[in-house]
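Each chain, written out:
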Amino acid sequence: MTDKIADSDVLLVVDVQNDFCPGGNLAVPGGDEVVPTINQLSTRFKHVVLTQDWHPTGHGSFASANPGRQPFETITVSYGPQVLWPDHCVQGTKGAEFHPALQVPHAELIIRKGYRREIDSYSAFYENDRTTPTGLAGYLRERGLKRVFLAGLAFDFCVRYSAEDASRLGFEVVVIEDACRGIDIDASVEATRRRLSELGIPCTGAHAIA
Ligand code: VGL
Ligand code: ZN
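The paragraphs below set out a description of the structure included in this document. Bear in mind the structure is a predicted one, so any value in this text is a computation, not a measurement. (Residues numbered from 1 in each chain as written. Chains lettered and ligands numbered in written order. Predicted model: local features only at pLDDT ≥ 70, side-chain atom pairs only at ≥ 80, totals over all residues. Heavy atoms only, no water.)

1. Observations regarding the site of ligand 1
Reasoning step 1: Residues in contact with ligand 1, as listed here, are Asp15, Phe20, Leu26, Asp53, Trp85, His88, Tyr122, Leu153, Ala154, Phe157 and Cys158.
Reasoning step 2: In this structure, an oxygen atom belonging to ligand 1 sits 3.0 Å away from a main-chain N or O atom of Ala154.
Reasoning step 3: Between ligand 1 and Cys158 there is a distance of 3.1 Å, counted from an oxygen atom to a backbone nitrogen or oxygen.
Reasoning step 4: Considered on its own, ligand 1 offers 260 Å² of accessible surface; in the complex 100% of this is hidden by protein. (Near = heavy atom within 4 Å. Polar contact = N/O pair within 3.5 Å; in protein donor to acceptor, adjacent residues only side chain to side chain. Areas by Shrake-Rupley, 256 points an atom, 1.4 Å probe, with all protein chains shown as cover.)

What follows is the structure, given as structure tokens:
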């Protein structure tokens, strides 16, 4: 099946930043491999939005800000479980910049997230309390954009939560799985596939979109 791209579709490119690529502080295996796919894919979309993970130093999601804790441990915070990460995507650093080979000059908006010290943000739509909005839903609605195609990093965190929230907010959602790579903590990639399937969110390949 081929999905024909409409003027009311948007490609949401999630966190294709140096720190999520090999050599970065929170490298996703094969993270840089999505870049050529996304560059090609984005030329087929009239509307593209980028997200950028954008943390202040000492962000609460960093293991280094939680004495005695190690990266990839899970703790409980006010809004529920929170995985602790290595310091990553610190505002203004090289690691927070987009991968240098990412070429999406016609992107209309860059949405930054995770800039509140006390609260992490995976989804492009809400912070991790799932109630503090980023403003993206309002932007998409005001622009008449109805279907969100998702690509980027990481499949099992920011892409997953963006897909769930977009669906909950009433957008149609398609995940382009070969334009994503996962971190895979405690089988989180498999859990993501299961959750997307339960929600009726299709995972497709970049070749099936024209
Ligand atoms: C992400 C962990 C921490 C992501 C961001 O982009 O998936 N993962 N911050
Ligand atoms: Zn982050």
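2. Brief notes about the sheet that holds strand β5 (residues 109–113)
Reasoning step 1: Strand order in this open sheet of six strands is β5-β2-β1-β6-β7-β8, and the pairing throughout is parallel. The open sheet has two free edges, formed respectively by β5 and β8 (203–204), since each of these has just one partner strand.
Reasoning step 2: Of the strands in this sheet, β1 (9–14), β5, β6 (147–153) and β7 (172–181) are in contact with helix α3 (residues 155–168), which crosses β7 at around 170°. (Pairing = 2+ DSSP bridges. Helix = DSSP H or I, 4+ residues; strand = E, 2+ residues; numbered from the N terminus. Contact = heavy atoms within 4.5 Å. Axes fitted to C-alpha atoms, helices over the stretch in contact; angles between N-to-C directions.)

3. So, α3
Reasoning step 1: Compared with the 20 Å implied by 1.5 Å per residue over 14 residues, the 18 Å span of α3 between its first and last C-alpha is a close match.
Reasoning step 2: Buried residues of α3: Phe155, Asp156, Phe157, Cys158, Val159, Arg160, Ser162, Ala163, Glu164, Asp165 and Ala166, and no others.
Reasoning step 3: On its buried face, α3 sits against β1, β4 (80–83), β5, β6, β7 and α4 (188–198).
Reasoning step 4: At the C-terminal side of α3, Gly170 shows a positive phi close to 95°. (Expected span 1.5 Å × (residues − 1). Buried < 20%, exposed > 50% of the residue type's maximum accessible area, 1.4 Å probe, protein only.)

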